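# Report on the structure
The primary structure of each chain is shown beneath.
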Protein chains: 2
Amino acid sequence: MSWQAYSQDIGQAARNASVALRNVSPARKTQGVLAIARALRSQSAAILAANAKDIEAAPGFGLNSAAIDRLRLSTDRIEAMARAVEEVAALPDPVGAVIDGSIRPNGLQVQRIRVPLGVVLFIYESRPNVTTDAAALCLKSGNAVILRGGKEAMHSNLCLGEIVQGAVAEAGLPPALVQIVNTPAREVVGELLRLNTLIDVVIPRGGKSLIERVMSEATMPVIKHYDGVCHVYIDASADLDMASRILENSKCQRTGVCNAAECVLVHTAIADKFLPRLGEIMSRRGLEVRGCSKTCSLLPEAQAAQENDYRTEYLDMIISCKVVDSLEQAIGHIEMYGSHHTDCIITDDYSAAQQFVQEVDSAAVMVNASTRFNDGGELGLGAEIGISTDKFHARGPCGLTELTSYKYVVRGAGQIRG
Amino acid sequence: MSWQAYSQDIGQAARNASVALRNVSPARKTQGVLAIARALRSQSAAILAANAKDIEAAPGFGLNSAAIDRLRLSTDRIEAMARAVEEVAALPDPVGAVIDGSIRPNGLQVQRIRVPLGVVLFIYESRPNVTTDAAALCLKSGNAVILRGGKEAMHSNLCLGEIVQGAVAEAGLPPALVQIVNTPAREVVGELLRLNTLIDVVIPRGGKSLIERVMSEATMPVIKHYDGVCHVYIDASADLDMASRILENSKCQRTGVCNAAECVLVHTAIADKFLPRLGEIMSRRGLEVRGCSKTCSLLPEAQAAQENDYRTEYLDMIISCKVVDSLEQAIGHIEMYGSHHTDCIITDDYSAAQQFVQEVDSAAVMVNASTRFNDGGELGLGAEIGISTDKFHARGPCGLTELTSYKYVVRGAGQIRG
């Protein structure tokens, strides 16, 4: 079969399954999600066996030991996957909710009702738990999903896919609600990205080159999970203990994530007091600082920053630093160099906080709280399929609601338009 | 200047103006919109003079007399444009609204706040009033807009653009909030569609070829205003008087619009009673019917439909007709041949209505009401910049709210992530 025919078959099966799902009760969807959790536990031996093949092949894909550890499953990790799926099952069902409504002067009753997006194509390069998280989120939100994981996790994902399909079928739902692309061929991605009459949205989650490929080839809408050049701005009025604590958490708690801080902006009025604290974090955490000339004069351990440093998502134990003359200069810097992902102000000044909140146009604007809180679980959405860096449709964490659209339902008694 | 440099300048000016607008009070935006209305009235002579040049050139663009009439402005039409702008000014400001919020267990206060999309590129082929409607809608919703109208309205649009910019400046706002592309060169559209770091969304409104070009070239999200293959389904239990009235209104009130009916589905149990009524509408309104074999046997005036008729948006005094055996067959037909725009059931049966509402996945699903009500004004949104046929971001009429995104604002007291 050609890649085109293979992709078309997958897309059509997903579309058919998504249409069938319109008639399924919320309880049945939840049963399907819970069946996935049960199947993960009862078939953990098969999952571990499949995962062992991926682990064995991993060095051949050039994975280092940290990456191999992320890929590795264990009984405990499978139990955690099952629990995460159960948490999705317990979330409120977004589908069918009445968003708003009105009765028009002519008596028409107008409602906006949440509906699934339809068919989701999810392309990712992550740990195997993402496979089951995505399956649970899409099923609970009434969508069919086509899952395309990384080649390094192919055995694990195919095994998980079979288990998920079995569970979905056991709950009386069409197995094609969750399909795994069973080939690493790059051509299949290109073919799937052409199917805009069958696939409603594509969600790429992974490295920049993956996301850029999807952006350039997709013929359907994309929810991007792009770069996070996140800032912590220490205002003149900041509590410096709080500032140190939040900066350290934002930068160092996990460095490889999109909501980690990549740049600290320090108001000049407190730079001489704050930068030694940054120096203390540097030595204690092994943090490298790349700073402006004023930073370097006050913090000799810092290296000189190039302009491009301020645009860089290090995803590493490195941070850029700039001393600014004013709140306005901080906001201007974030506008020019940031990626509109997550930006934070540390301040005791209410009006400075309000101005920052008003003028910084990022998916999440934090006041006196770590950038690491821009996360579906932390913000109360439950599990997330990604964090959108777009302003369109979904911004920030994408949970169940962000996997829905809406339709107008208009009930009348014979009204016509005059 | 190259088209690329020209487009880049427009895009950058729009971006700068949209950033400046973040700091502007709702009252100032409303003043700007009201200033547009005043300026339209006070400068109507200049508008009429510019419009006269378009009217003179119109036959050279191949416009027929109906199209020329739509292009022509008059004192009354300018007054109507001013009033439409005033209606936008009076709508609630969507920006800054708190969509939802929560206090997390760790004390973080989380809010989702409406924010403008940023910069809107609006490409249209419509009457000059669309220029001022779009300017008012974008300004009121806090967006900068780049307007690219049709070449046949170029003189009118440029004059309107100058008047709008003058009014915006008079209200103390950056004139680049509303820019008119002052050349008919197609290359400029291509260049603008590349500027995804400056332009947040493109809204094409016009013929299919325009929309398809924008879809294939745009590098930013698109809100499409695509085809409307809308259905009226006459259920077995329908009140046939109501059915005739709604069908006639849906098909014949205005034939050239996207929410006009293009296909009627008739339940076989009432086909022999209903089709003569369709015949009556045919003769009274000059309606052409293209029907299935059963339609043709019951309604000899009908022509035989080809399969492609059921996919056709006639935008004319023509309708396709099919007799169906069941509600399920009607829903299946709509799924297969429809465009998910607006679909209607006429029924006295509550459970049939519920099944139709549940299973038909269209931007608007009507029960016992004309398809023509899928319209921003009729559904209570106020003015609209278009009707989205997408399921992504905005579905159905796009008013002020649909021109916004949101951001998370998180206020803490030093919280860090554990």
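Residues numbered from 1 in each chain as written. Chains lettered and ligands numbered in written order. Predicted model: local features only at pLDDT ≥ 70, side-chain atom pairs only at ≥ 80, totals over all residues. Heavy atoms only, no water.

An unreviewed UniProt entry lists chain A under the name Gamma-glutamyl phosphate reductase, with Planctopirus ephydatiae given as the organism. The heading Function (unreviewed entry) in the UniProt record of chain A holds the text "Catalyzes the NADPH-dependent reduction of L-glutamate 5-phosphate into L-glutamate 5-semialdehyde and phosphate. The product spontaneously undergoes cyclization to form 1-pyrroline-5-carboxylate." The heading Subcellular location (unreviewed entry) in the UniProt record of chain A holds the text "Cytoplasm". (UniProt positions renumbered as here; feature names shortened; annotations may be inferred.)

## Focus on the overall build of chain A
The secondary structure content of chain A amounts to 15 helices and 16 strands. By the compact-globule yardstick of 22 Å for 418 residues, chain A fits well, its C-alpha radius of gyration being 24 Å. Overall, chain A is about 70 × 65 × 35 Å in size when its C-alpha atoms are taken along their principal axes. Accessible area of chain A: about 15500 Å², with a carbon and sulfur share of 49%. For chain A, the distance from the average position of its 41 positive side-chain charges to the average position of its 47 negative side-chain charges is 7 Å. (Helix = DSSP H or I, 4+ residues; strand = E, 2+ residues; numbered from the N terminus. Rg over C-alpha atoms; globule rule 2.2 N^0.38 Å. Areas by Shrake-Rupley, 256 points an atom, 1.4 Å probe, with all protein chains shown as cover. Lys, Arg positive; Asp, Glu negative; His and termini not counted. Charge placed at Lys NZ, Arg CZ, Asp CG, Glu CD.)

## A look at the sheet that holds strand 4 (residues 144-148) of chain A
All names here are of chain A. Overall, parallel pairing links the four strands, which are arranged 5-4-3-6 in an open sheet. Both outer strands of the open sheet, strand 5 (178-180) and strand 6 (201-205), are each paired with one neighbouring strand and no more. Shown here is a sheet whose adjacent strand axes are inclined to one another by a mean of 20°, direction ignored. Sitting on the sheet, helix 1 (residues 3-21) is in contact with strand 3 (119-124), strand 4 and strand 5, with an inclination near 150° to strand 4. (Pairing = 2+ DSSP bridges. Axes fitted to C-alpha atoms, helices over the stretch in contact; angles between N-to-C directions. Contact = heavy atoms within 4.5 Å.)

## Quick notes on the interface of chain B and chain A
Listed per partner, the contact involves 69 residues of chain B and 69 residues of chain A. Roughly 6000 Å² is buried in total at the junction of chain B and chain A, and carbon and sulfur atoms are behind 49% of that figure. We note a salt bridge from B:Asp375 to A:Arg417, for which the minimum N-O separation is 3.8 Å. One can count 53 residue pairs in polar contact (both at pLDDT 80 or more) joining chain B with chain A. Mapped onto the side of chain B that touches chain A, the elements with two or more residues apiece are helix 1 (3-21), strand 2 (109-116), helix 10 (240-252), helix 14 (350-359), strand 13 (364-369), helix 15 (376-379) and strand 16 (404-415) of chain B. At 11 residues, strand 16 of chain B tops the list of elements feeding residues into the side of chain B that touches chain A. Relative to strand 16 of chain B, strand 13 (residues 364-369) of chain A runs parallel, the two sharing five bridges. Bridge pairing links A:Val365 to B:Val409 in strand 16 of chain B. (Buried area = accessible area lost by both parts, 1.4 Å probe. Salt bridge = Lys/Arg side-chain N within 4 Å of Asp/Glu carboxyl O. Polar contact = N/O pair within 3.5 Å; in protein donor to acceptor, adjacent residues only side chain to side chain.)

## What to know about the packing of helix 13 (residues 327-337) of chain B against helix 14 of chain B
All names here are of chain B. Axis separation between helix 13 and helix 14 bottoms out at 11 Å; the angle between their running directions is 20°. Classed by the angle they form, the pair helix 13 and helix 14 counts as roughly parallel. The element helix 13 and its partner helix 14 pack so that their crossing is right-handed. For the pair helix 13 and helix 14, the contacting residues are Leu 327, Glu 328, Ile 331 and Ile 334 in the first and Ala 352, Gln 355, Phe 356 and Glu 359 in the second. Classifying every residue of the contact of helix 13 with helix 14 gives five nonpolar, one polar and two charged. (Parallel < 35°, antiparallel > 145°, perpendicular 65-115°, else oblique. Left-handed = near helix turned anticlockwise from the far one by under 90°. Nonpolar A, V, L, I, M, F, W, Y, C, P; charged D, E, K, R; others polar.)

## Description of the relation of the copies chain B and chain A
Aligned on chain A, chain B shows an RMSD of 0.0 Å; the corresponding rotation is 180° and the shift along the axis is 0.0 Å. Both copies are brought into coincidence by an operation consistent with a two-fold rotation axis. Closest approach to the rotation axis within chain B is made by the C-alpha atom of B:His393, at a distance of 1.9 Å. Both copies present the same face, since 100% of the interface residues in chain B are matched by interface residues at the equivalent positions in chain A. (Least-squares fit on C-alpha atoms with pLDDT ≥ 70 in both.)

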